[in-house]
Amino acid sequence: MKGQAVGATINQVRLRIIQGDITQQDTDAIVNAANSSLMGGGGVDGVIHRAGGPAILEECKQIVARQGRLATGKAVMTSGGNLKARYVIHTVGPIWHGGSRGEEELLASAYRESLKLAAENHLGSISFPSISTGAYGYPLDKASRVAIRAVSHFLREKGTCLREVVLVLFEAHAFKAYTEALNEIIKVNNGKV
Ligand code: ADP
């Protein structure tokens, strides 16, 4: 059974946590947990390319030809191809090496740079998958806190066109981890995210 959506409002922007499939989201952009080659791959990356069609990969190739591989923590944008979302923002999260190789800052950067791109392009809504918690091995309990804090920090700092940020968790245990992280952050901050 799917978990119920939970959320919070930060600086008039709605943050929602849902269980679902990122390729089905109709936000202006969806974020892809890509790798530096931008050539597609397994996990959510493969799913997004399959659902979006070859136009996305073509644009990714052009980006790499122009600027080289995408560094960890950075983000670029392509069209959404056949997806409901008009755009795909491709970002690269860090591979988990135990936490002492700057993973936290790099993961926060992947969220921040994606939000920055959305804001620069005047988008109103964006959906994220759980970056780095699949093949890249970032522990869910830690990644969920970094993700929520990074989004919250960006939204508090910047006034943007963004009205909605959705964190889309595919699996029940990931949805649970993100829900718990949000509730804990709200508790620690006396009702605020
Ligand atoms: P990474 O290499 O950054 O770890 P993965 O694609 O391996 O990326 O996994 C990232 C997360 O995306 C995982 O938690 C995985 O369960 C999730 N995921 C897989 N398919 C989907 C989907 N269709 N929608 C949303 N999330 C998904």
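Everything below is about the structure shown above.
Residues numbered from 1 in each chain as written. Predicted model: local features only at pLDDT ≥ 70, side-chain atom pairs only at ≥ 80, totals over all residues. Heavy atoms only, no water.

## Regarding the overall build of the chain
Per the secondary structure count, the chain includes 5 helices and 7 strands. Each helix and strand of the chain, placed in order from N terminus to C terminus, yields the pattern β-β-β-α-α-β-β-α-β-α-β-α. Projecting the C-alpha coordinates of the chain onto the three principal axes gives extents of approximately 50 × 35 × 35 Å. In the chain, buried positions account for 50% of the 193 residues. Across the chain, contacts joining residues at least 24 apart in sequence account for 67% of those joining residues at least 6 apart. Total accessible area on the chain stands at roughly 9200 Å², and carbon and sulfur atoms take up 49% of it. Computing the positive centroid from 22 side-chain charges and the negative centroid from 17, the chain places the two 3 Å apart. (Helix = DSSP H or I, 4+ residues; strand = E, 2+ residues; numbered from the N terminus. Buried < 20%, exposed > 50% of the residue type's maximum accessible area, 1.4 Å probe, protein only. Contact = heavy atoms within 4.5 Å. Areas by Shrake-Rupley, 256 points an atom, 1.4 Å probe, with all protein chains shown as cover. Lys, Arg positive; Asp, Glu negative; His and termini not counted. Charge placed at Lys NZ, Arg CZ, Asp CG, Glu CD.)

## A closer look at the packing of helix H3 (residues 103-120) against helix H4 (residues 140-157)
When two helices pack together, you describe them by how their axes are tilted relative to each other and by the distance separating the axes. Running from N to C, H3 and H4 point in directions that differ by 40°, and their axes come no closer than 9 Å. Between H3 and H4, the angle falls in the class oblique. Relative to H4, the crossing made by H3 is right-handed. Counting all contacts with H3, which are made through Glu104, Leu107, Ala108, Tyr111, Arg112, Leu115, Lys116 and Ala119, the residues of H4 involved are Ala143, Val146, Ala147, Ala150, Val151 and Phe154. (Axes fitted to C-alpha atoms, helices over the stretch in contact; angles between N-to-C directions. Parallel < 35°, antiparallel > 145°, perpendicular 65-115°, else oblique. Left-handed = near helix turned anticlockwise from the far one by under 90°.)

## Some points on the site of the ligand
Within the structure, the ligand sits among 15 residues, and Asp21, Val44, Ser132, Gly134 and Ala135 are positioned closest to it. The separation between an oxygen atom of the ligand and a polar main-chain atom of glycine 134 is 2.8 Å. In the model, an oxygen atom of the ligand is placed 3.0 Å from a nitrogen or oxygen of the glutamate 171 side chain. Expressed as a share of its isolated accessible area of 570 Å², the protein-covered part of the ligand is 89%. Here the shell around the ligand is composed, by residue class, of 7 nonpolar, 6 polar and 2 charged. (Near = heavy atom within 4 Å. Polar contact = N/O pair within 3.5 Å; in protein donor to acceptor, adjacent residues only side chain to side chain. Nonpolar A, V, L, I, M, F, W, Y, C, P; charged D, E, K, R; others polar.)

## A short note on the packing of aromatic side chains
Under the definition given, this model contains 2 aromatic pairs. Taking 4.6 Å as the distance between ring centres and 50° as the angle between the ring planes, the aromatic pair formed by tryptophan 96 and tyrosine 138 counts as tilted. Remark: tyrosine 138 occurs in the loop between strand E6 (125-128) and H4 and tryptophan 96 occurs in the loop between strand E5 (87-91) and H3; sequence separation between them is 42 residues. For tryptophan 96, a relative accessible area of 22% translates into the label partly exposed. Plain terms: the ring middles of tyrosine 111 and phenylalanine 128 are 4.9 Å apart, the flat faces sit at 35° to each other, and that makes the pair tilted. In this pair, tyrosine 111 sits in helix H3 while phenylalanine 128 sits in strand E6, placing the two residues 17 residues apart along the sequence. Take tyrosine 111 and phenylalanine 128: they sit in the same class, and that class is buried. (Phe/Tyr/Trp six-rings, centres within 6.5 Å; stacked < 30°, edge-to-face > 60°.)

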